[in-house]
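Close look at the chain arrangement
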Amino acid sequence: MVKLLDARTSQNASYANSIGILVSTTPQLFARLTLNAAGATGLVRTQISGTVTVQLPLLPVATSITMTIVRGNNPTDFLVYSAREDLELSILGPQILSFSASDFNVPIPANNQVVYTAFITASAIGTIRVGPESFNATIYSD
């Protein structure tokens, strides 16, 4: 029988246009969660979902957004998920990017704390994170 170990949410911005953070061309943290995996037995897996909302630069140029999720704290840690989305040049307002990912056969550290970190990059300078932003994860074992 499946056992729920923990579920967490990182809600950076709950509303549309509630933030204005420039997106870098290098990995920029937009969410981090630490899940408690104490009591895990057998196969451990995590389901991850989220959303980030961005807006094109004032002078719209072809721009792609890359989102990555790692197990750990740094962009170079174990890659769990990566997606690239080309923004629509015809949309001058916010564009919502949503994702759903899974991490299968998760190794449990000695402290039982499994960290997931989400990063975002933009191919064009001037792209802005405007909100809403949400990052959710749930960890299960057998």
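Everything below is about the structure printed above this text.
It should be emphasised that the depicted structure is a prediction, and the values quoted were computed from it without experimental measurement. (Residues numbered from 1 in each chain as written. Predicted model: local features only at pLDDT ≥ 70, side-chain atom pairs only at ≥ 80, totals over all residues. Heavy atoms only, no water.)

**Let's talk about the packing of aromatic side chains**
Applying the stated criterion across every chain, the model contains 2 aromatic pairs. Note on F99 and F135: the rings are 6.3 Å apart at their centroids and 45° apart in plane angle, and the pair reads as tilted. Taken together, the positions of F99 in strand 7 (residues 95-104) and F135 in strand 9 (residues 128-141) put the pair 36 residues apart, joining distant regions of the chain. Judged by its relative accessible area of 0%, F135 falls in the buried class. Members of the aromatic cluster, connected to one another through ring pairs, are Y81, F99 and F135. (Phe/Tyr/Trp six-rings, centres within 6.5 Å; stacked < 30°, edge-to-face > 60°. Helix = DSSP H or I, 4+ residues; strand = E, 2+ residues; numbered from the N terminus. Buried < 20%, exposed > 50% of the residue type's maximum accessible area, 1.4 Å probe, protein only.)

**Focus: the sheet that holds strand 5 (residues 64-71)**
With respect to topology, 4 strands assemble into an open sheet ordered 3-8-5-6, the strand pairing being antiparallel. If you trace the sheet from one side to the other, it starts and ends with strand 3 (28-36) and strand 6 (78-86), each paired once. Pairs of neighbouring strands in the sheet enclose a mean axial angle of 15°, with direction left out of account. (Pairing = 2+ DSSP bridges. Axes fitted to C-alpha atoms, helices over the stretch in contact; angles between N-to-C directions.)

**Observations concerning the side chain of T51**
The topology assignment puts T51 in strand 4 (residues 44-55). From its side chain, T51 meets the backbone oxygen of L97 in a polar contact 3.3 Å long. One polar contact links T51 to S98, side chain to side chain, over a distance of 3.3 Å. With near-sequence residues (within four places) excluded, T51 lies in contact with F30, I96, L97, S98, F99, P132, E133 and S134. (Polar contact = N/O pair within 3.5 Å; in protein donor to acceptor, adjacent residues only side chain to side chain. Contact = heavy atoms within 4.5 Å.)

**Quick look at unusual backbone geometry**
Note the cis peptide between G131 and P132, where omega equals 5°. Among the secondary structure elements, P132 is positioned in strand 9. In this structure, N105 takes a positive phi of about 60° despite not being glycine. Examined against the element boundaries, N105 turns out to sit in the loop between strand 7 and strand 8 (113-122).

**Quick notes on the environment of I128**
With respect to the secondary-structure elements, I128 resides in strand 9. Between the C-alpha atoms of I128 and P57, which are 71 residues apart in sequence, the distance is 7.0 Å. Look past the residues within four positions of I128 in its chain and what remains in contact with it is G20, I21, L22, V23, T53, V54 and Q55.

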